[in-house]
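A closer look at the structure
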Amino acid sequence: MKVLVLGAGQLARMMALAGAPLNLTVSAYDVRSGNLVHPVTLEVLGSGLENGIADADVITAEFEHIAPDVLSVCQASGKFYPGEEAILTGGDRRKEKALLDKAGVNNARYQVIESKADYDAAVATIGLPLILKSALDGYDGKGQWRLKPDSDLEAIWQDINQFLQTSPQGSRQCVIAEEFVPFDREVSLIGARNAQGDLEIYPLTENIHTNGILSVSVAAGDDDQVQSQAEAMFKAVADALNYVGVLAIEFFDVGGKLMVNEIAPRVHNSGHWTQQGAEVCQFENHLRAVCGLPLGSAKRVRPTAMINIVGEVTVPIAVMAHAHVHWYDKEPRPGRKIGHINLCADSAGALGDALDTVSMLLADDEFPALKPAADSLR
Ligand code: AMP
């Protein structure tokens, strides 16, 4: 079968690598250049979305910030999974919040802001502190403002008002004001759903961010009660979207009670650990779901941690003696994810020790979350 992925980044690359043993041929549509490329070598295979669609048996996406006209052409082909609505929902916090409400899952109180009156109402009704997030094009904490009791509310409004004038082509920008959630930790749940509604759900992953970018994800076992809450919310959201493919849900854990932060209608960075830590990884399960193949087991086979390689950093070859290193063949740039390291062990304690061992080979300022991750396992 031939699968076309919208987007030609590392997620398409890892889908292609996971699909090869199943005789699934994955190509990628680079939305910026309009070229069809090989997801691993980036060799140009052709050009034009129409050609890519005609040649594919199945179409999917590796990111959610895709122009609406591209999504509607793909949808019209009848080959697109998880489909236009799911991708639009993941890329627009307005739609995302409406979905979470419709699915009846716990999420932070919010108000849509399109005018100064909305802004004032959010401050008055939700109260400070507040987090304001752009509805469109927000990722890795970009397009966010924080309002604290001592903030200059008027100056921040001026900045937001200016921002509201800039909308991506074919869309209307707005800002979502959200209550500040005093969370204990951030966790995410990745799972696959097929067209029949069957689910394969991975265990929860605990995520540590640095400057808004995911640094380390740890999948070492969680409280059963917290896992069940997450799974119930996953099912509610995936069913509400009639979702087909891998879906990721990020949560805040507040004293053992989960609250959804956001969803990603795709394979997710916090699921990269599944390449070495699960029976069947998220990339293969996504392809299985969208191609109508049986889903694979999402069982965790061993405690595993994923360490992101971000920016212009060095990773000594000695790390390979302890871990699996996955490079994306990308030019290093500040803040850019260029690879990741998967580290496995036989127990949570041993995984903490392994993180300590690897942290001695890596610079503290380049990998600041290793020690907190190791500590979380003890
Ligand atoms: P997001 O882009 O929504 O994932 O936000 C980026 C980061 O900001 C999250 O990973 C949280 O650490 C933090 N954050 C987002 N929303 C809230 C909130 N409502 N309350 C507290 N922290 C938040």
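In this text, all values refer to a predicted model and were calculated from it rather than measured experimentally. (Residues numbered from 1 in each chain as written. Predicted model: local features only at pLDDT ≥ 70, side-chain atom pairs only at ≥ 80, totals over all residues. Heavy atoms only, no water.)

All right, on to the UniProt feature "signal peptide" (unreviewed entry) in the chain then. Here, the residues flagged by UniProt with the feature "signal peptide" (unreviewed entry) are residues 1–18. Helix makes up 50% of residues 1–18 and strand 28%, whereas the separation of the span's terminal C-alpha atoms amounts to 14 Å. (UniProt positions renumbered as here; feature names shortened; annotations may be inferred. Helix = DSSP H or I, 4+ residues; strand = E, 2+ residues; numbered from the N terminus.)

Before going further, it helps to examine the environment of Ile 126. For Ile 126, the location among the structural elements is in the loop between helix H6 (116–125) and strand E7 (130–134). By relative accessible area, which is 15% here, Ile 126 ends up buried. The sequence separation of Ile 126 and Glu 179 amounts to 53 residues, and the corresponding C-alpha distance is 6.2 Å. Apart from residues lying up to four places away in sequence, Ile 126 is in contact with Arg 109, Tyr 110, Gln 111, Ala 121, Ala 177 and Glu 179. (Buried < 20%, exposed > 50% of the residue type's maximum accessible area, 1.4 Å probe, protein only. Contact = heavy atoms within 4.5 Å.)

What follows is about the domain arrangement of the chain. Under the domain assignment used here, the chain contains domain 1 (2–80), domain 2 (109–179) and domain 3 (185–376). Taking the mean C-alpha position of each, domain 2 and domain 3 sit 29 Å from one another. Counting from both sides, the interface comprises 5 residues of domain 2 and, opposite them, 5 residues of domain 3. Counting the surface lost from both domain 2 and domain 3, the interface buries some 320 Å², and carbon and sulfur atoms represent 32% of this. For the pair domain 2 and domain 3, the interface holds 0 salt bridges. Here domain 2 and domain 3 share 1 residue pair in polar contact (both at pLDDT 80 or more) between them. (Domains from an automatic or database assignment. Buried area = accessible area lost by both parts, 1.4 Å probe. Salt bridge = Lys/Arg side-chain N within 4 Å of Asp/Glu carboxyl O. Polar contact = N/O pair within 3.5 Å; in protein donor to acceptor, adjacent residues only side chain to side chain.)

Here we come to the sheet that holds strand E4 (residues 44–47). Reading across from one edge, E4-E3-E2-E1-E5 is the order of the 5 strands in this open sheet, with mixed pairing throughout. Bordering the open sheet on either side are E4 and strand E5 (58–61), each of which pairs with just one other strand. Direction aside, neighbouring strands of the sheet carry axes that sit 30° apart on average. Pairing of strand E3 (residues 35–37) with E4 involves 3 bridges; the strand directions are antiparallel. Its bridge partner being in E4, Val 37 is matched across the sheet by Val 44. (Pairing = 2+ DSSP bridges. Axes fitted to C-alpha atoms, helices over the stretch in contact; angles between N-to-C directions.)

In the neighbourhood of the ligand, 16 residues make up the surrounding shell, with Lys 133, Glu 178, Glu 179, Val 181 and Glu 186 lying closest. At 2.8 Å from an oxygen atom of the ligand is found a side-chain nitrogen or oxygen belonging to Lys 133. Within the backbone of Val 181, a nitrogen or oxygen atom sits 2.8 Å from a nitrogen atom of the ligand. Computed on the free molecule, the ligand has an accessible area of 470 Å², of which 92% lies beneath the protein chains in the complex. Secondary-structure elements contributing two or more residues to the shell around the ligand are E7, strand E8 (144–147), strand E9 (175–179) and strand E15 (257–264). Looking at the shell around the ligand residue by residue, the classes come out as 5 nonpolar, 4 polar and 7 charged. (Near = heavy atom within 4 Å. Areas by Shrake-Rupley, 256 points an atom, 1.4 Å probe, with all protein chains shown as cover. Nonpolar A, V, L, I, M, F, W, Y, C, P; charged D, E, K, R; others polar.)

Now for the side chain of Gln 276. Counting through the fold element by element, Gln 276 comes out in helix H9 (residues 274–277). Using a relative accessible area of 14% as the deciding quantity, one classes Gln 276 as buried. Those residues in contact with Gln 276 that lie beyond four places of it in its chain are Val 301, Arg 302, Thr 304, His 324, His 326, Asn 342 and Cys 344.

Moving on, we get to the pairing of strand E6 (residues 110–113). Side chains Gln 111 and Ile 113 of E6 all project onto a buried face; the interleaved residues Tyr 110 and Val 112 project onto a face where none is buried. As paired elements, E6 and E9 share 4 bridges and run antiparallel to each other. Bridged to Val 112 within E9 is Ile 176.

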